[in-house]
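# Architecture at a glance
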Amino acid sequence: MHIEQLRSLCLALPGTSEGIKYGDQLCFMVMGKVFCSSNVKNLDKANFKVDDEIFEELCEREGIVPAPYGGAKFKWVQVTHFDCLSDAEWKHFIQQAYQLVKAKLPKKVQTSLEG
């Protein structure tokens, strides 16, 4: 996996857009809400939201740390190099991050994304 593959994976999800936020973050968003990001100056790292139950377990893996700048408080992780996850794991975790963020959107918006 590399940044262009990650970008394709994220943008294939319904209602997803990309943009620069916070000055230096390439963000992938569902209806404006970020579910994955990467620093534009260091595109070999990525951050994404994970399920509360697997946060600690994932952070024990080499190459995965709690996301900086308070992201860990909201159960975000940072993958410090793309090779520490398989392509199948990337797909799983990105889809999960998308679903976790989408679930916080208004029901009407969620329904529009499904149809």
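Residues numbered from 1 in each chain as written. Predicted model: local features only at pLDDT ≥ 70, side-chain atom pairs only at ≥ 80, totals over all residues. Heavy atoms only, no water.

## Description of the overall build of the chain
Helix and strand content of the chain: 4 helices and 6 strands. The C-alpha atoms of the chain give a radius of gyration of 13 Å, which matches the 13 Å a tight globule of 115 residues would have. Residue burial in the chain is summarised as follows: out of 115 residues, 41% are buried. The long-range share in the chain, meaning contacts at least 24 apart out of those at least 6 apart in sequence, stands at 44%. (Helix = DSSP H or I, 4+ residues; strand = E, 2+ residues; numbered from the N terminus. Rg over C-alpha atoms; globule rule 2.2 N^0.38 Å. Buried < 20%, exposed > 50% of the residue type's maximum accessible area, 1.4 Å probe, protein only. Contact = heavy atoms within 4.5 Å.)

## Some remarks on the pairing of strand β6 (residues 76–79)
Burial along β6 is two-sided: W76 and Q78 facing one way and V77 and V79 facing the other are all buried. Looking at chain direction, strand β5 (residues 64–66) and β6 are connected through 3 bridges and run antiparallel. Along β6, the bridge assignment pairs I64 with V79. (Pairing = 2+ DSSP bridges.)

## Considerations on the pairing of strand β1 (residues 16–21)
Pairing geometry for β1 and strand β2 (residues 25–30), over 6 bridges, is antiparallel. When the sheet's bridge partners are listed, S17 is paired in β2 with M29. Counting the residues that bridge the hairpin from β1 to β2 gives 3 residues, and of these Y22 lies at a positive phi of roughly 60°.

## Section: the sheet that holds strand β3 (residues 33–39)
What the 6 strands build is an open sheet, ordered β1-β2-β3-β4-β6-β5; its pairing is antiparallel. Taken across any chain shown, the strands that pair with only one partner, and hence form the sheet edges, are β1 and β5. On average, each strand axis in the sheet is inclined to that of its neighbour by 25°, with strand direction left out of account. Where β3 and strand β4 (residues 42–49) come together, 3 bridges link them in antiparallel fashion. Bridge pairing links S37 to N47 in β4. Taken strand by strand, helix α1 (residues 3–11) contacts β1, β2, β3 and β4, and its axis lies near 130° from that of β1. (Axes fitted to C-alpha atoms, helices over the stretch in contact; angles between N-to-C directions.)

## Some thoughts on a nonpolar patch on the surface
Where nonpolar side chains cluster on the molecular surface, the patch consists of I20, V40 and L43 and spans about 240 Å² of accessible area. When you line up the elements, I20 lands in strand β1. On the basis of relative accessibility, which here comes to 52%, the residue I20 falls in the exposed class. (Patch = residues over 30% accessible without salt bridge, like charges linked within 9 Å, V, L, I, M, F, W, Y side chains within 5 Å. Areas by Shrake-Rupley, 256 points an atom, 1.4 Å probe, with all protein chains shown as cover. Salt bridge = Lys/Arg side-chain N within 4 Å of Asp/Glu carboxyl O.)

## Structural notes on the packing of aromatic side chains
Tallied over the full model, the rule gives 4 aromatic pairs. The interplanar angle of 65° and the centroid separation of 5.8 Å between the aromatic rings of F48 and W90 together place this pair among those described as edge-to-face. One end of the pair, F48, is in strand β4; the other, W90, is in helix α3 (residues 87–102), with 42 residues separating them in the sequence. Across the pair, exposure class does not vary: F48 and W90 are buried alike. (Phe/Tyr/Trp six-rings, centres within 6.5 Å; stacked < 30°, edge-to-face > 60°.)

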